[in-house]
Amino acid sequence: MNKHPKPIWLTALLILFVSYMGFTQAQTITLATSKSIPPYIIKDQQSGIQLDIIKQAFSNAGYQVKQVIFTSNLRAERMLEQNAVDAIVNAPNNGTHAHLSEPVIFYQNVAISLSVRQLDIQSIDDLTKFRLMAFQNAKKYLGEHFAKATEQAKFYTEVANQSAQLERLYRGQVDVIVLDKRIFHYLNQQLIAKQRPTAPVTKHLIFPESPRLLGFHDPELRDKFNAGLKQLNDQKVKHSE
């Protein structure tokens, strides 16, 4: 009579184990992001200020970031449209194919010129006088006002490799570059470490802070991420008190 309970117990345990394994495997996330945006996202380390926040927010929501695909902003958007990834980092605010999260972090984009030039840049409209170089997809991220200014500028181009912005500014090939101030500082320190030419610059604060969002296919997953992000932010506030 004692022979039957053991197999039944083992069978139940096996069912629970298989169910648990299936559950844990389902709670994984694949992200797409740009090739690298140090110090926010550092490809070699699979880390960075922004990526660490994203991973922790997902963890709070019961998910694990299994894979981060590094690609261009444009290809990341296409992958989301095709349901090839769960979410994309730094989704455009005006994107039409994504359910947008709450802000993960705020970037501070600035216009930067060589100090020796003493350029008078007080507003976005002043950019029309110069040769400009910005980060890829800048016209989407920085709004219609900036987009219209670029159409009237002497020259305008966007690049995925942001190190090229600094190099071309220091060579005098462009008058103004547009990028986030933390990214500029990080890349400038790299140039100094490599003993590449640099020069004093002026940062023109003509842009508001820019929220960086995740774009999701699934609005329910977006909501869970938002809850995990809120929990993380609440913890930070509590620790700062």
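Now for a description of the structure that goes with this document. (Residues numbered from 1 in each chain as written. Predicted model: local features only at pLDDT ≥ 70, side-chain atom pairs only at ≥ 80, totals over all residues. Heavy atoms only, no water.)

**Examining the sheet that holds strand 8 (residues 155-159)**
Cut-off, in case you're wondering: Strands are labelled as partners when DSSP assigns at least two bridges between them. Counting from the N terminus, the helices are the DSSP runs of H or I reaching at least four residues and the strands are the DSSP runs of E reaching at least two. Interaxial angle, 0 to 180 degrees, is taken between N-to-C directions of lines fitted to C-alpha atoms, where a helix line uses only the stretch in contact.
Overall, mixed pairing links the 5 strands, which are arranged 8-7-9-6-10 in an open sheet. In this open sheet, the two strands that pair with only one neighbour each are strand 8 and strand 10 (201-204). Strand-to-strand, the axes of this sheet are offset by a mean angle of 25 degrees, without reference to chain direction. Pairing geometry for strand 7 (residues 131-135) and strand 9 (residues 176-180), over 3 bridges, is parallel. Across the sheet, residue A134 finds its bridge partner in strand 9, namely V178.

**Examining the pairing of strand 7**
What counts here: Exposed residues in this analysis have more than 50% of their type's maximum accessible area, buried residues have under 20%, and partly exposed residues fall in between, with area computed by a 1.4 Å probe over protein chains only.
With respect to burial, strand 7 is a largely interior element, 4 of its 5 residues being buried. Pairing of strand 7 with strand 8 involves 5 bridges; the strand directions are parallel. Of the residues in strand 8, the one forming a bridge with A134 is E158.

**Looking at helix 5 (residues 143-152)**
Worth spelling out the cut-off: Directions pointing from the helix axis toward each C-beta atom define the arc. Residue contacts are defined here by distance: any two heavy atoms, one from each residue, within 4.5 Å place the two residues in contact.
Within helix 5, burial applies to F146, A147, A149 and T150. Seen end-on, helix 5 carries its buried residues on one side only, within an arc spanning 160 degrees. Exposed residues on helix 5 whose side chains face more than 90 degrees from its buried face are E144, K148, E151 and Q152. Packing partners of the buried residues in helix 5 comprise strand 7, helix 4 (138-141), strand 8 and strand 9.

**Quick word on the pattern of salt bridges**
As a reminder of what qualifies: Salt bridge, as used here, is a side-chain nitrogen of Lys or Arg placed within 4 Å of a carboxyl oxygen of Asp or Glu.
Taken as a whole, this structure holds 8 salt bridges when the rule is applied. Among the ionic pairs, K224 bridges to E220, the shortest N-O distance being 3.8 Å. Here E220 and K224 lie together in helix 8 (residues 219-240), a separation of 4 residues that amounts to about one turn. One salt-bridge network, held together by shared partners, links R117, R131 and D175.

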